[in-house]
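One letter stands for each residue in the lines below.
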Amino acid sequence: MIKWKAVVCWISLSLSFTNGEFFTSLTRMKGLVRLENSLSKSLDNYLEQESDAPEIIRQFADYVRKESNIAAGDIEKYVFHPINSFQLLRRFIRHWRELESYLKDGSPNDLQWELFVNFPAFPTSQDFMGSISAILRIQDVYNLSARAIADGELQQEKFNGSLDADECYELGLVSNDQGNYEEVIEWMREAIKRMSPPYEYSGTLTKIDVLEYLSWAEYQVGRLDDAIIHTKDILEKDPTIKQAHINLGHFKTEQIQRNAYSNLPPKDAANNKNKKKEDFMFTYERLCRGESRKPRKERDKLTCFYNKNLPTQLLKPLKVEMLNLDPDLYLFRDVITDSEVEHVKKLAKPQLKRAVVTNTTTGGLLAAEYRISQSAWLEDSASPIINRISQRIQSITGLSLDPQHAEPLQVANYGIAGHYEPHHDYIQTEDGTLPGNETGDRISTVLFYLSDVDAGGATVFLEVEEVVYPRKGDAVFWYNIGKDGRPDAKTRHAACPVIVGSKWVANKWINERGQEFRRPCTLA
């Protein structure tokens, strides 16, 4: 990979990426690939005319041309890999912008004009930070090492690309800002490794830059011996660094104190990653990794069957799998056809926007970092096919899906490491009240899977230890409200981060109003 001069200026990169949209939209990422392909051709034309152009620009042109050729083979597969998406955003944030600045000092040319015209379409620093956070989220939830990610080992089929020293360093910097020092150590060690043979490194990053963060992170997690060794390495390379002398003295003093009072308990590792998590998040992450603890006796009670209760199901019975009892979780196999799936996605794509959640206090909508996806809403009146899907669910569940009794179909596309952390679908508060002008709660949920996912992206139910992997055409159904009218807290669920691939789902939330005679209330 090509290295540009002075690439790491983090003051301008805010850790808040709420406004970033590219990292949540794989459709827009594909647009970036096409834009870069066009810019690559213009860059080649420019270099044909400028024989004295710097060698680093020629190297960049070679690199971008190679990436464009790879992406052209399967553009969706290309952007569906988080390493590709991260590097694509990084090229626009770093290299293409720096090329534009370089061209401003010369005579006007077509490449300069094309960069200027397309500049409004470039991703923002928030988008870039979003892609970094996405990779770190995958690392955190799935317990992947920095080495595995840097080598592209995110699924069974190994990825051909990899991260270089600069990119590992940047991931380490963000981990440092987040106080996740164990990850800092991993990323900085990978950066050092990739600055040495057999890796071909030609950038401006120095080992001192990396060692300063590495030694500090080691100190933070209590690895004093390593911190001292790496601080001495810094001073061997440059004895004039005053802060390194100060740190070394501090580290040695603390080491002496620890040795003198060896009976004292060790210092707690200053790693914020786990300290700031609630207990249920550990269950969520474990289930995302497929580590369910559901008792065998509970699984032995579950069945699968063909449902032929309706006339429409005589020729094509509904395939049903029981996933759990109390609460009842049903998996409907092949309940939506491929042609219907493509129709739903076609209608939704032009309307996709950053997904929002309901503020249970005000009833308003807001973007949240615990839900990273793009979504659109489709009324039954949008097309006969959308209406037909609603009628099919009404027949299967026996619940009314008339427009006044159900919400429109919400279609969601999860982008790079897209996820939705643990939540309930019912919207009433702890005291039983509904937010805003809501007239009824969500009695049940139908979750359609509109795509397969290469890796990650499972739906997990925390209290019942159930993991459902996306399979195109299937749907999960459950009741959020019990027959006594009270919300069922055992329906808490989450969407695990997508590792590789694109995840499309559609939610149909059915309201409790209109179901009085279809699902009568009971006292128990």
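Because the structure is a prediction, the values reported are computed rather than measured. (Residues numbered from 1 in each chain as written. Predicted model: local features only at pLDDT ≥ 70, side-chain atom pairs only at ≥ 80, totals over all residues. Heavy atoms only, no water.)

Considering the pairing of strand β9 (residues 409–414)
Among the six residues that make up β9, six are buried, leaving the element largely enclosed by the rest of the structure. Burial of β9 is two-sided: the residues Leu-409, Val-411 and Asn-413 facing one way and the residues Gln-410, Ala-412 and Tyr-414 facing the other way are all buried. Examined bridge by bridge, strand β8 (residues 374–378) and β9 share five bridges and lie antiparallel to one another. Residue pairing for β9: Leu-378 is matched across the bridge by Leu-409. Where β9 lies against strand β18 (residues 503–511), five bridges are found, and the strand directions are antiparallel. Paired with Tyr-414 across the two strands is Lys-503, which belongs to β18. (Buried < 20%, exposed > 50% of the residue type's maximum accessible area, 1.4 Å probe, protein only. Helix = DSSP H or I, 4+ residues; strand = E, 2+ residues; numbered from the N terminus. Pairing = 2+ DSSP bridges.)

Comments concerning a nonpolar patch on the surface
A cluster of nonpolar side chains, contributed by Trp-113, Phe-116 and Val-117, occupies part of the molecular surface with about 360 Å² of accessible area. Secondary-structure assignment places Trp-113 in helix α5 (residues 110–118). (Patch = residues over 30% accessible without salt bridge, like charges linked within 9 Å, V, L, I, M, F, W, Y side chains within 5 Å. Areas by Shrake-Rupley, 256 points an atom, 1.4 Å probe, with all protein chains shown as cover. Salt bridge = Lys/Arg side-chain N within 4 Å of Asp/Glu carboxyl O.)

Topic: empty space enclosed by the protein
Vacant regions in the atomic arrangement are exposed by a probe of water-molecule size rolled over the atoms. Taken as a whole and judged by the stated rule, the model has three cavities of 30 Å³ or more. The computed volume of the largest cavity comes to approximately 160 Å³. Lining the largest cavity are 16 residues, with Tyr-414, Tyr-420, His-423, Leu-447 and Asn-507 positioned closest to its centre. Residue assignment for the lining of the largest cavity shows that the elements contributing at least two residues are β9, β10 (419–423), β16 (493–495) and β18. Ranked by residue count, the leading element in the lining of the largest cavity is β18, at four residues. By volume, the second largest cavity is sized at about 40 Å³. Contributing to the lining of the second largest cavity are Leu-26, Val-79, Phe-80, His-81, Pro-82, Ser-85, Gly-415, Ile-416, Ala-417, Val-498, Ile-499 and Gly-501. Within the residue set of the lining of the second largest cavity, elements represented by two or more residues are α4 (82–104) and β17 (498–500). Considered class by class, the residues forming the lining of the second largest cavity number eight nonpolar, four polar and no charged. (1 Å grid on protein atoms, 1.4 Å probe; cavity = no way out; pocket = protein on both sides within 12 Å on 5 of 7 lines; lining within 4 Å. Points joined across faces, edges and corners; volume = space filled by probe spheres on them. Nonpolar A, V, L, I, M, F, W, Y, C, P; charged D, E, K, R; others polar.)

So, the nonpolar core
Leu-43, Trp-96, Leu-163 and Trp-187 are the most contacted members of the largest nonpolar core, which has 93 residues in total. In contact with Leu-43, not counting residues within four places along its chain, are Ile-57, Phe-60, Ala-61, Trp-96, Leu-99 and Leu-111. (Core = buried A, V, L, I, M, F, W, Y, C linked by side-chain atoms within 4.5 Å. Contact = heavy atoms within 4.5 Å.)

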